[in-house]
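Below, each chain spelled out in residue letters.
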Amino acid sequence: MECKKVVNASSGPKLTESIVEGLVTLYPEHLGRLDDAAFAAGVRVVVRRDYEVAVKQAGKVAVISGGGSGHEPAHAGFVGKGLLTAAVCGDVFASPTVKAVLCAIVAASSKKAGCLLIVKNYTGDRLNFGIAAETARSRFGIEVETVYVRDDVALPDSKQPRGLAGCVVAHKVAGAAADRGMSLEEVARVAREAAARTATMGVAYEVCSLPGRAKATRLGVDEVELGLGIHGEPGAHVVSPPPTASAAAASLVEACAAKLEIPAGARVALVVNNLGATSGLEMAVFGGVAVEACRARGLAVARCLDGALVTSIDMQGVSVSLTRLDDELMELIDRPCDSPALKGAPFRPLDALPVTIPADPLALRNADVRSSAPEDPRIAKAVLAACDAVSRAEPDLTRADETVGDGDCGTTLKQGADAVKADLENRPDAYKKPAEAVAALADVLGDNMGGSSGALYVLGLRAAENALQRGATWGAAFQAAARAIEQYGGAGIGSRTMCDATIPAARALLSSDLNRAALEARRGADGTKDLVATHGRSAYVAAARQHGVPDPGALAVAIIFEAIADALH
Ligand SMILES: Nc1ncnc2c1ncn2[C@@H]1O[C@H](COP(=O)(O)OP(=O)(O)OP(=O)(O)O)[C@@H](O)[C@H]1O
């Protein structure tokens, strides 16, 4: 079955046409497209809107790149001041035609200044851009230089390394040089230098899927590919199980640094490229550890660029490019640019080290709780039993929350339980008296447990702590806890929340005993299977989906009461 894509046409020129149309519609201040009727049908070339004045009349070198579509924002997204003059757009993963490249050269270049072609090193691109360059020279008298980007280091013995995300560095450097008014020869020299000093390697956690085709199933659930191309071709190595972000970053950085023979202490520009469908969360994690990996290798990360730059449609993965900088490249990389995808000075300096703002932990922690109540060894026993029971129940709680919520209730509770257990081991004295123990629980859960349930537990525990400090019984203290949860959470009996377990359990604890309270908590939790949520995240989930599944928060309360009753019987 075809994979789902947000497109009108799923392949061929119609798809390319709609990509180009979309970009020029979205970025009219930057982009225009060549009128194909004036040249030849089927030509899809995106140009700087102001190319006539800013490039041709100004006598500046035109910088042109392109290739197959599917790598957006490359290359049309890099068309603009200080970057590309024009981008030639082929069909998805297919080289553009000679005619299209020739049209771009002839339209965008002046005879006086000439044109630089930046070509990713694929046979189709080499041939089509090459024929166009020769024709532009012989038939139109335009001087053309070509720079090949062959930054791939995944296949060490390859005679024809592929062009990958490193082309962005060549675009930036050449665009800046052309903008500064350097000659064609000079622009080509610095672009060649940038390309030669750049190495790239990537990792894919999921391969890409092409519009109109079935989703590729090459990679097993436990596999990733290292050293891949950007056209869905298999990577150089399959690695299983998937490496952590740190391990992946370290191997990519090492491969690039080794290939470029970068000595320790050298300045580099780091490009962390999202291959298309890597989440913002993953990009943040990976970007940070990629910088760390460079520093661990002794490299000075002088400039850094991250984001979706040269994608492979929807590949879930990242590539790392390193460029060994010298003063000239650094100066050109730092010059301002203005295109849809890159603006200002997109290569950021990373000189400043991350700052941690010191917070005064004493100001955040509650003043010590001291009561004259006698010590009670049953408290630690009950706490331990509750923690173990919650940890054991994590899969059940997760399953329930995956159906009726966002799936994190079990892990949130387990995180709290693990932290409490560790605190109990470290500070057993804090769990000997009622008010002190409850205060310790609130402190630990407040620091370690997020989510709604984290806040609700802390609220309840604080209320119980206050009551216990005033000499309340456990029954009265739990009653105060249940009331605080009701008051701040706004839910009550029948809302399909933990209140369906806490309220009846509190009543039973006041009038009867712990066993009765556990029974009532369980009855309340089971009863939520027939309720429709009015509070909490489940309130946004269809009623039919909730039916027959207990509220995870209520279920956890029942599990805790049962564990304590069992431990203390
Ligand atoms: N207003 C409320 N009053 C009482 N209990 C609530 C309330 N809202 C949610 N809950 C309880 O919290 C449980 C879910 O806890 P969890 O920590 O997963 O919170 P969440 O609602 O998913 O919020 P998030 O994950 O965004 O913090 C629910 O099963 C329910 O028992």
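Just so we're clear, the structure is a prediction, and the values are computed from it rather than from any experiment.

(A) Looking closely at the overall build of the protein. Secondary structure assignment for the protein yields 20 helices and 15 strands. On C-alpha atoms alone, the protein measures out to a radius of gyration of 31 Å, which is more than a quarter above the 25 Å that the 2.2 N^0.38 rule sets for 569 residues. The dimensions of the protein, computed from C-alpha atoms along their principal axes, are 100 × 50 × 45 Å. Residues classed as buried in the protein amount to 53% of the 569 residues present. Of the contacts made within the protein by residues no fewer than 6 positions apart, 73% connect residues no fewer than 24 positions apart.

(B) Layout of the sheet that holds strand β8 (residues 224–226). Ordered in space as β9-β8-β7-β12-β10-β11-β15, the 7 strands form an open sheet in which the pairing is mixed. The sheet is open, and its two edges are formed by β9 (237–239) and β15 (348–349), each paired on a single side. Summarising the sheet, strand β7 (residues 198–206) and strand β12 (residues 316–324) pair through 8 bridges and their orientation is antiparallel. Within β12, the residue paired with M201 across the bridge is V320. Where helix α8 (residues 245–260) meets the sheet, it contacts β7, β8 and β12, and its direction lies at approximately 155° from that of β7.

(C) Here's a closer look at the layout of surface pockets. In this structure, the largest pocket spans a volume of roughly 1,000 Å³. Considering the residues around the largest pocket, the lining is formed by 37 residues, among which L441, W474, F478, I560 and I564 are closest to the centre. Those elements giving two or more residues to the lining of the largest pocket turn out to be α12 (378–404), α13 (409–426), α14 (434–448), α15 (451–469), α16 (474–489), α17 (499–511) and α20 (552–568). Split into classes, the residues belonging to the lining of the largest pocket amount to 31 nonpolar, 4 polar and 2 charged.

(D) Molecular detail of the site of the ligand. Around the ligand sit 20 residues in total, of which D408, G451, S453, R537 and D551 are the nearest. One nitrogen or oxygen atom from the side chain of D408 is found 2.7 Å from an oxygen atom belonging to the ligand. Within the side chain of S453, an N or O atom sits 2.6 Å from an oxygen atom of the ligand. Coverage of the ligand by the protein chains reaches 88% of its 620 Å² of free accessible surface. For the shell around the ligand, the secondary-structure elements that each account for two or more residues are α15 and α20. It is α15 that provides the largest number of residues to the shell around the ligand, a total of 4 residues.

(E) Quick look at the side chain of S319. Within the fold, S319 resides in strand β12. Taking relative accessible area as the criterion, S319 reaches 5% and is therefore assigned buried. Excluding its chain neighbours within four sequence positions, the residues that come into contact with S319 are A165, T200, M201, G202, V271, V272, N273 and L275.

(F) Spatial organisation of the packing of aromatic side chains. Using the criterion set out here, one finds 1 aromatic pair in the structure. With centroids separated by 5.0 Å and ring planes inclined at 85°, the aromatic side chains of F478 and F561 adopt a geometry described as edge-to-face. Here F561 lies in helix α20 and F478 lies in helix α16, a separation of 83 residues in the sequence. Both residues of the pair, F478 and F561, belong to the buried class.

(G) Main features of the packing of α15 against α16. Between α15 and α16, whose axes approach to 7 Å, the crossing angle comes to 140°. Relative to α16, the element α15 lies oblique. Of the two elements, α15 crosses α16, and the hand of that crossing is right-handed. Contact residues: α15 offers L456, L459, G460, A463, A464, A467 and L468, while α16 offers W474, A477, A480, A481, A484, I485, Y488 and G489. Within the contact of α15 with α16, the residues separate by chemical class into 13 nonpolar, 2 polar and no charged.

(H) Here's a closer look at the sheet that holds strand β6 (residues 144–149). Strand order across the open sheet formed by 6 strands is β1-β2-β4-β3-β5-β6, with mixed pairing between neighbours. Edge strands, defined here as strands with exactly one partner in the open sheet, are β1 (31–33) and β6. Averaged over all pairs of adjacent strands, the angle between strand axes in this sheet comes to 25°, irrespective of strand direction. As paired strands, β1 and strand β2 (residues 45–48) are joined by 3 bridges and run antiparallel to one another. Bridging across to β2, R33 finds its partner in V46.

(I) Representation of the pairing of strand β4 (residues 86–92). In terms of residue burial, β4 counts as a mostly covered element, since 5 of its 7 residues are buried. Of the pairings in the sheet, the one linking β2 to β4 comprises 3 bridges and is antiparallel in character. Residue pairing in the sheet places V45 in a bridge with V88 of β4. The sheet contact formed by strand β3 (residues 62–69) and β4 spans 6 bridges and is parallel. Across the sheet, the residue bridging to I64 is A86, located in β4.

(J) Examining the nonpolar core more closely. The biggest cluster of nonpolar side chains holds 66 residues, and the ones touching the most others in it are V383, L413, V420, Y431, Y457 and F561. Of all the elements in the fold, those that place two or more residues in this core are α12, α13, α14, α15, α16, α17, α18 (514–527) and α20. Considering every element that reaches this core, the biggest residue donor is α20, with 12 residues. Those residues in contact with L413 that lie beyond four places of it in its chain are V390, L397, M449, Y457 and A556. Counting residues in each nonpolar core, the second largest holds 62 residues, with L84, I230, A302 and M315 among its members.

(K) Main features of the environment of D351. Within the element layout of this structure, D351 appears in the loop between β15 and α11 (361–364). Here D351 falls in the exposed class, since its relative accessible area comes to 62%. Residues D351 and R303, spaced 48 residues apart in sequence, show a C-alpha to C-alpha distance of 8.5 Å.

(L) Representation of the UniProt feature "domain: DhaL" (unreviewed entry) in the protein. As annotated in UniProt, the feature "domain: DhaL" (unreviewed entry) corresponds to residues 377–566 in the numbering used here. Helix makes up 74% of residues 377–566 and strand 0%, and the two end C-alpha atoms of the span are 15 Å apart.

(M) Up close: helix α7 (residues 184–196). Spanning 13 residues, α7 covers 18 Å between terminal C-alpha atoms, matching the ideal 18 Å at 1.5 Å per step. Every buried residue of α7 is accounted for by L184, V187, A188, V190, A191, A194 and A195. Projected onto a plane normal to the axis of α7, the buried residues spread over an arc of 170° and lie on a single side. Counted as exposed and oriented over 90 degrees from the buried face of α7: E185 and A196. As for α7, its buried residues are in contact with β5 (115–120), β6, α6 (167–179), β7, β12 and α10 (327–334).

Rules used throughout
- Residues numbered from 1 in each chain as written.
- Predicted model: local features only at pLDDT ≥ 70, side-chain atom pairs only at ≥ 80, totals over all residues.
- Heavy atoms only, no water.
- Helix = DSSP H or I, 4+ residues; strand = E, 2+ residues; numbered from the N terminus.
- Rg over C-alpha atoms; globule rule 2.2 N^0.38 Å.
- Buried < 20%, exposed > 50% of the residue type's maximum accessible area, 1.4 Å probe, protein only.
- Contact = heavy atoms within 4.5 Å.
- Pairing = 2+ DSSP bridges.
- Axes fitted to C-alpha atoms, helices over the stretch in contact; angles between N-to-C directions.
- 1 Å grid on protein atoms, 1.4 Å probe; cavity = no way out; pocket = protein on both sides within 12 Å on 5 of 7 lines; lining within 4 Å.
- Points joined across faces, edges and corners; volume = space filled by probe spheres on them.
- Nonpolar A, V, L, I, M, F, W, Y, C, P; charged D, E, K, R; others polar.
- Near = heavy atom within 4 Å.
- Polar contact = N/O pair within 3.5 Å; in protein donor to acceptor, adjacent residues only side chain to side chain.
- Areas by Shrake-Rupley, 256 points an atom, 1.4 Å probe, with all protein chains shown as cover.
- Phe/Tyr/Trp six-rings, centres within 6.5 Å; stacked < 30°, edge-to-face > 60°.
- Parallel < 35°, antiparallel > 145°, perpendicular 65-115°, else oblique.
- Left-handed = near helix turned anticlockwise from the far one by under 90°.
- Core = buried A, V, L, I, M, F, W, Y, C linked by side-chain atoms within 4.5 Å.
- UniProt positions renumbered as here; feature names shortened; annotations may be inferred.
- Expected span 1.5 Å × (residues − 1).
- Arc of directions from axis to C-beta.

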